[in-house]
Protein chains: 2
Amino acid sequence: MPRYTAPTKDTQFILHDVLNITEAGVPGYDELEADFTSAVLEEAGKIAGEVLQPINATGDAEGCTFENGVVRTPTGFKDAFEQVKEGGWTGLDMPEQYGGQNMPAVLGTAVGEYFSAANQAFTMYQGLTHGAASAILAHGSDQQKDTYLPKMVSCEWTGTMNLTEPHCGTDLGMMRTKAEPQADGSYKISGQKIFISSGDHDMADNIIHLVLAKIVGGPEGIKGVSLFIVPKVHVNEDGSLGARNGVSVGKIEEKMGIHGNSTCVMNYDEATGYLLGEEHKGMRAMFTMMNEARLGVGMQGLAQADAAYQNALDYAKDRLQGRDVTGVKNPDGPADPLIVHPDVRRALMDQKSFAEAARAFILWGATMLDKAHRQSDKDADGLISLLTPVIKGFLTDQGYDMTIKAQQVYGGHGYIEEWGMSQFTRDARIAMIYEGANGVQALDLVGRKLAVDGGKHVMAFFELVKSFCKDNAEVEGMDAFTGPLKTASKDLQAAGMYFMQNGMKNPNNALAGSNDFMHMFGHVCLGLMWAMMAKASLKALAEGTSDPEFHETKLATGRYYMARQLPATALHLSRIQSGADTVMALDAANF
Amino acid sequence: MPRYTAPTKDTQFILHDVLNITEAGVPGYDELEADFTSAVLEEAGKIAGEVLQPINATGDAEGCTFENGVVRTPTGFKDAFEQVKEGGWTGLDMPEQYGGQNMPAVLGTAVGEYFSAANQAFTMYQGLTHGAASAILAHGSDQQKDTYLPKMVSCEWTGTMNLTEPHCGTDLGMMRTKAEPQADGSYKISGQKIFISSGDHDMADNIIHLVLAKIVGGPEGIKGVSLFIVPKVHVNEDGSLGARNGVSVGKIEEKMGIHGNSTCVMNYDEATGYLLGEEHKGMRAMFTMMNEARLGVGMQGLAQADAAYQNALDYAKDRLQGRDVTGVKNPDGPADPLIVHPDVRRALMDQKSFAEAARAFILWGATMLDKAHRQSDKDADGLISLLTPVIKGFLTDQGYDMTIKAQQVYGGHGYIEEWGMSQFTRDARIAMIYEGANGVQALDLVGRKLAVDGGKHVMAFFELVKSFCKDNAEVEGMDAFTGPLKTASKDLQAAGMYFMQNGMKNPNNALAGSNDFMHMFGHVCLGLMWAMMAKASLKALAEGTSDPEFHETKLATGRYYMARQLPATALHLSRIQSGADTVMALDAANF
C-alpha cells in the first residue's frame, strides 16, 4: 500500500525563503508568519496522511455505487468528510462572513495540494464546492449568498458545475439544456448534463448544482447561455430543506480512475433554477469557477506526481536488484538498491525536479491571485490569467508523465493494482482532460491570452525573467541557472515572434504550434522557479543555514532540471518553426 | 465500442514496395508474391476484426477468474481460440515437421500485429506458446521436440515462461526456485514464480511451463540457473496425458490492463521438470525466447497505438465541435468536425507517422531474423540483436504515448470505459514493463549491444544510413528526408562518441544517457524507415501508380515525421552530453 507524507518543509521553503510572503505587502500575508503556516501545514499534512490517504486505494477499488436512485461513496468517505469539515478546512480561504477563515489563496493552495495528493477523488467533492461557492460569491445576489454560502463554505452542502452535454463539451454554444422563465422570477430547467463530478453522493444534505442552460427565446449559440443555481433539494425561506427538486441521476460513469468520485449523468426535468449573475452572461460567471478549477487541476498534476514519486523513491531505496557498476554499495546484501542505477536516478530526478518546481509555480501563481483579489492588482490579474492555461495544461501533462515514470520504477509490481502505482496514473489521467482538455488550454494560451491587452502580460513575463537573470547573473553559483533560463526564454520569445509573423497570414501557423508553445512556456516557468529557488538556497547557505543539506540538495536538483529538462524548449521551438504545412497537409479523407 | 481494421494495404506496401521481399533472395521469400501475402493478410485481418476485436472490450470488463483452483478466461475466448487454431494461424511460421506452415518470420510478424492490435490479452496466449516452442525448437532434444512441439505448434497445448520471483525480476541471479536431480534424469522443481502470463486457463489440455531454476549444488548466482520444461499435466510415453504435475496457481493478479490474460502466481511443489538445453546454461536458452518475445512486445506497442489511432481518427472525423478558424468546413452542420483543428491534427499526425514507420521498422527487423535463421547471415543477426532493445523499448514507450494521444482526442469520452480508449492505454502500459522493463532495454543497448563485436554492428547501421542518404540525395523530393535523417544520424553518432570518450572513466556517463540514447536510436530508425518509404512512393509516383493518393499521403506523413519528430534527437543528445554529474549528484539519503 502506498504512503503519502505532506512535503511541509518544502512548502515552507517556498513560502518563506523563495516568495518571502510575509514581506510581500499583500493584505493578510502579514499573518502568515513561518510558525503559523508551519502549524497549519503540519495539521493539514496529518489529515492528508492519516485520514485521506488511507481511504484512497480502498476508494479506488470499491468505487461509488448507484442503486435505487441513491449514490453512495466508498467506505470511509463519509467519516473522513466529517473530519475535514470539523477541522474547518473547507472554508480555509473563504470569507469570515460566511463562516470561512479568510486565509489567502496561497495558503489554501498549499493545503489543497496535500489533500489532492492524498486522495484526489475525495478532495474533488470539496474542490467543486469551493468553485461553486466562489462563483456565487462573485456573481450572486446578497440573498443567494446568504442562502447558499454558509452551508457551502462548511460543506454541509456541496456544489457541482454542469457544462457538458452528450453532444457538446468544448463547444458549449451547441448546448440544448433550456430554461423556461417562470412568473416568480425562477426558471424551469430541462436537459441532460454529463460528466458531472461529485454530481450526487451521500455526504451532504443538499447539493447545489450550477447549471449552464439557454433561456428560451434568447440569442443563438454561446451568447444565449446563462448560469443557474439548481439545488438538489428545495431550500425554504427559513433556510430549512423542503421537497426534492426535479434533478435526478441518470447513471454514474465507469471510468479509468477517480473511482471514489461519483461522475454522474444528471437529468434536469423542469427543475427549479435561479439565475446566477446576468441573463445570457453565463459563460462569464462560469469562468470564475473554471479559472479557479483550472488552477486546482494543475495542482492535481503536481499532487499525483509527488505522491507517486514518494512511493517510487521508497521502492528504489528498498528494492535490491543488480549491482552498481561503479562499485558495490550494499556488500552485505544480495544486491544493491535500485537507486544506485543511473537510469533509475534519471527517472527519480525527473520527478523530483518537476514536483519541487511545480509546487513553487503553483504557489507563485496563488500569490498573483491574492494580489488580484486583495489588492486589485491588474498586472497580477493579467499575469495569472496568462499563466492559467500553462499551469493547467503543462503541469497535468507533465504530472501524468511523472506518475508513469514512478510506476515504471516498480517494474511488474507497478502494473498490478496491489502496490497502488496504477491508481496514481489512472487518477492523474483525468486532469489532462477535465476543465478544458489540454489542447483547449493551448488554444486559449496562443489564440487568446497572448494577445490580451496588446500582449502586455506576456511582455511583462519576459521582462520579469530578463531582469531576474540580469540582477542575479553575478551571484556566485547562479550562472548554472540564469544561463539556461535566458536561452530557454529566448526560445520562447522566438516562438512568440514566429506566431506574430506567420499567424497573421495563416492562423494555423500559430495553432499548429500551440501545444509546443504551452510546453515550452511551462518549462521556462519551471526554469524561473528553479532560478528563484537557487537564489534562496544560495542565500541561506551564504548566511550559514543550520540545514545546509536541504539547500545543497535543492541546488543539485535545480541543476538537474536546467541541464536535462529545460533544453526541451529548443525542440518545441523547432517544431513550431516548421509551421502548419506538414500538420495540415492531408485532406481529412486521406488520413 | 471501438473498431479495428487491419492495415493490409500498408503492410503490402512495406513488404513489396519498400522491402521488395520477393527479390531479397531469402529462402522462402520467393513464395511471398503480392497476391499470396495479400490473401493471407486479408484473411488474418478478418480474424482480427471479426473474431478477436469483438471480445477485446468484453474481455477487459470481465477479466479472468480463479475459483476452486480453476482459471477461466472471459466469455468467447475459448471459441475464438478454436477458430485461430483451426485456421492454422498458430503455426504459420513454425516448421512443417511439427505441423507448422514454415512461413518466414516477416509474414508471421505482419499477422501478429493484427492479432495483437485486435486483442492483446488474447493474443498473448498464442504468443507465449510460440516463444516457448521456439526455445524447445532451439534447445530441446529430439525426444522433447517430438513430445511437445506438435501440440504447441497447434496450440492444443500452450506455453509460458517463468522467470520472475517475488524478490527478483531483472536480477535473476537471486532466484530461489530449486531443482533437485532425480535418479531417472528428471528434476523436482520447487519454488514460486510470479507474473506468469497465460499461466493457467481453460483453453488448452496442457500447459508447458518453461521454468528457470537452480540445480541444487550448482554455481552461485546467474551462472547456476538452468531451464526446465515443466508440464502442467504429465505426458505419458505414448503422448497421452497422465496425472497432474505438482504445479498450481496461487492466485491471479489484479492488473491495470490485459485483464483477458491470466497473470498467475505459480507454485511449484516438487513438480517434475526436464532440463532444456544444458545445465547452468538456462539464461542462454531463455534468451531465445526472450529475444523473440521482445520483438513481439515492441510490436504490441505499435499494435495498440494503431488500434487506438484508428478510433481516434473516426472520432475526429465524426465529432462536431467548434469551427475551423480559417473558414467553416461544415456549413450545414452545427459545428465542424474535430479534425479541422490544428492541434487535433498534430495529435493524429503524431500517431499516424509513428504507426506507419513503426510497422516498417518491425517488418524490416523481421527480415533480419529470417536472414539470420534461414541464411545464417551473421551481419543480419548482429544488427537485429543490436536493434532488439530499440524495437522493444522505443516502440513501447512511444506506442504508449500514442494511445494517450488517441485517448485525448475523445476528451471526457476518452476517460470513461464505454468508448474503449482507456483500455488501449491500460493494455499498452504493460509493454513498457514486461520482457525486461524499458530501462533494462536501454541498459542492454548501451551497456552491452553497442560494444558487441567491437562495435561492428552499430558501425554497420551508421554506414547503412549514410549510404542510403548518399545514394538517394539526388532523387527529386528525397532531400526532405535525407537531410533530416543525416542530421539525426550524426546526433546519434555524436552520442555514441560521447559514451566512448566519457564512459571509460565513468560508466555512469554512458548509463545516465541510456534512455535518451535508446530513444534517439529509435527516432533515427523511424527516420530511415520514412526515407525508405518515401523512396518507394516517389518511385511509384514516377512510374505512374494507379493510386497516387496513397503515395502522396505517405510522403506527406513522412515529411511530418521528419519535421516534427525526428529533431528530438538533438534534445536527447544535449541530455546525454550533460553527463552523469547532475543525475548522480545526490546521496540516496538526500532525495
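In this text, all values refer to a predicted model and were calculated from it rather than measured experimentally.

A. Expanded view of the interface of chain B and chain A. If you look at the interface, chain B gives 92 residues, while chain A gives 93 residues. Together, Y415(B), R564(B) and F591(B) form the three largest contributors to the area buried by chain B at its contact with chain A, with a combined 13%. The interface formed by chain B and chain A includes four salt bridges. At the junction of chain B with chain A, the criterion picks out 43 residue pairs in polar contact (both at pLDDT 80 or more). The dominant element in the side of chain B that touches chain A, judged by the number of residues it contributes, is helix α18 (residues 548-565) of chain B, at nine residues. Counted by class, the side of chain B that touches chain A contains 42 nonpolar, 28 polar and 22 charged residues.

B. Main features of unusual backbone geometry. All names here are of chain B. Even without a glycine there, the phi angle at E270 is positive, about 50°. Within the secondary structure, E270 is located in strand β11 (residues 263-276). For E270, a relative accessible area of 51% corresponds to the exposed category. Not every positive phi belongs to a glycine, and H280 is a case in point at roughly 65°. With respect to the helices and strands, H280 occurs in the loop between β11 and α8 (282-318). With a relative accessible area of 23%, H280 lands in the partly exposed category.

C. Representation of the pattern of salt bridges within the structure. Following the criterion strictly, the structure yields 59 salt bridges over all chains and no others. For K329(B), the salt bridge identified is with D324(B), shortest N-O distance 2.9 Å. With a relative accessible area of 7%, D324(B) lands in the buried category. Where D516(B) meets R575(B), a salt bridge forms, and the shortest distance between an N and an O atom there is 3.2 Å. Taken as a pair, D516(B) in helix α17 (residues 514-542) and R575(B) in helix α19 (residues 568-577) lie far apart in primary sequence, 59 residues in all. With relative accessibility at 16%, the residue R575(B) sits in the buried group. One continuous salt-bridge network, built from bridges that share partners, spans D10(A), E113(A), D306(A), K352(A), E356(A), R359(A) and K554(A).

D. Focus on the packing of helix α1 (residues 8-18) of chain B against helix α2 (residues 34-52) of chain B. All names here are of chain B. At a minimum axis separation of 10 Å, α1 and α2 run at an interaxial angle of 150°. As for how α1 packs across α2, the hand of that crossing is right-handed. Across the interface between the two elements, T8, T11, Q12, L15 and H16 of α1 pack against A34, T37, S38, L41 and E42 of α2. Broken down by class, the residue content of the contact of α1 with α2 amounts to three nonpolar, six polar and one charged.

E. Spotlight on a negative patch on the surface. Residue and element names in this part refer to chain A. A cluster of acidic residues, E23, D30, E31, E33, D35 and E96, forms a negative patch on the protein surface. If you trace the backbone, E96 turns up in the loop between α4 (77-86) and α5 (105-118). Take E96: its relative accessible area is 58%, and that puts it in the exposed class.

F. Spotlight on helix α12 (residues 421-431) of chain A. In terms of burial, α12(A) is largely enclosed, as 11 of its 11 residues are buried. Listing the buried residues of α12(A) in full gives M421(A), S422(A), Q423(A), F424(A), T425(A), R426(A), D427(A), A428(A), R429(A), I430(A) and A431(A).

G. Structural context of the side chain of D397(B). Residue and element names in this part refer to chain B. You can see D397 is positioned in helix α10 (residues 378-409). Polar side-chain contacts of D397 include one of 2.6 Å to the side chain of N438. A polar atom in the side chain of D397 sits 2.7 Å from the side chain of H519. What D397 contacts, discounting residues up to four positions off in sequence, is M432, N438, N515, M518 and H519.

H. Representation of the relation of the copies chain B and chain A within the structure. For the match of chain B to chain A, the screw axis carries a shift of 0.0 Å, the RMSD comes to 0.0 Å, and the turn is 180°. What the superposition gives is, in effect, a two-fold axis relating one chain to the other. Nearest to the rotation axis, the C-alpha of L571(B) is located 3.2 Å from it, this being the minimum over chain B. Residue by residue, 100% of the interface of chain B is reproduced at the interface of chain A, so both copies engage with the same surface.

I. Structural context of the environment of H139(B). All names here are of chain B. Looking at the element boundaries, H139 is found in helix α6 (residues 120-139). Residue H139 is classed as partly exposed on the basis of its relative accessible area of 23%. Excluding residues within four positions of it along the chain, H139 makes contact with L276, G277, R284, A285 and T288.

J. Representation of the packing of aromatic side chains. Residue and element names in this part refer to chain A. With the rule as written, the count across this model stands at 28 aromatic pairs over all chains. When the ring of F13 is compared with that of F550, the centres are 5.3 Å apart and the planes differ by 70°; the resulting orientation is edge-to-face. Of this pair, F13 sits in helix α1 (residues 8-18) while F550 sits in helix α18 (residues 548-565), and the two are 537 residues apart along the sequence. The buried category is assigned to F13, whose relative accessible area is 3%. A network of ring pairs unites the aromatic residues F461, F462, F499, F517 and F521 as a single cluster. The positively charged end of R429 is found above the aromatic ring belonging to Y400, 5.7 Å away from the centroid.

K. Geometry of the state of the cysteines. Residues and elements named next belong to chain A. What the rule picks out here adds up to zero disulfides over all chains. The closest cysteine sulfur to the non-disulfide-bonded C469 is located on C525, 13 Å from its own sulfur. Residue classification places C469 among the buried positions, given a relative accessible area of 1%.

L. Quick peek at the domain arrangement of chain A. All names here are of chain A. In terms of domains, chain A is made up of domain 1 (8-139), domain 2 (157-280) and domain 3 (451-584). Here the C-alpha centroids of domain 1 and domain 3 sit 30 Å apart. The partner domain 3 presents eight residues to the seven residues of domain 1 that form the contact. Ranking the residues of domain 1 by area buried against domain 3 places K9, F13 and V18 at the top, with a combined share of 67%. In this structure, the connection of domain 1 to domain 3 is made through two salt bridges. Our count for the contact surface shared by domain 1 and domain 3 stands at two residue pairs in polar contact (both at pLDDT 80 or more). Within the side of domain 1 that touches domain 3, the residues separate by chemical class into four nonpolar, no polar and three charged.

Rules used in this analysis
Residues numbered from 1 in each chain as written. Chains lettered and ligands numbered in written order. Predicted model: local features only at pLDDT ≥ 70, side-chain atom pairs only at ≥ 80, totals over all residues. Heavy atoms only, no water. Contact = heavy atoms within 4.5 Å. Buried area = accessible area lost by both parts, 1.4 Å probe. Salt bridge = Lys/Arg side-chain N within 4 Å of Asp/Glu carboxyl O. Polar contact = N/O pair within 3.5 Å; in protein donor to acceptor, adjacent residues only side chain to side chain. Helix = DSSP H or I, 4+ residues; strand = E, 2+ residues; numbered from the N terminus. Nonpolar A, V, L, I, M, F, W, Y, C, P; charged D, E, K, R; others polar. Buried < 20%, exposed > 50% of the residue type's maximum accessible area, 1.4 Å probe, protein only. Axes fitted to C-alpha atoms, helices over the stretch in contact; angles between N-to-C directions. Left-handed = near helix turned anticlockwise from the far one by under 90°. Patch = residues over 30% accessible without salt bridge, like charges linked within 9 Å, V, L, I, M, F, W, Y side chains within 5 Å. Areas by Shrake-Rupley, 256 points an atom, 1.4 Å probe, with all protein chains shown as cover. Lys, Arg positive; Asp, Glu negative; His and termini not counted. Charge placed at Lys NZ, Arg CZ, Asp CG, Glu CD. Least-squares fit on C-alpha atoms with pLDDT ≥ 70 in both. Phe/Tyr/Trp six-rings, centres within 6.5 Å; stacked < 30°, edge-to-face > 60°. Lys NZ or Arg CZ within 6 Å of the ring centre and 35° of its normal. Disulfide = S-S within 2.5 Å. Domains from an automatic or database assignment.

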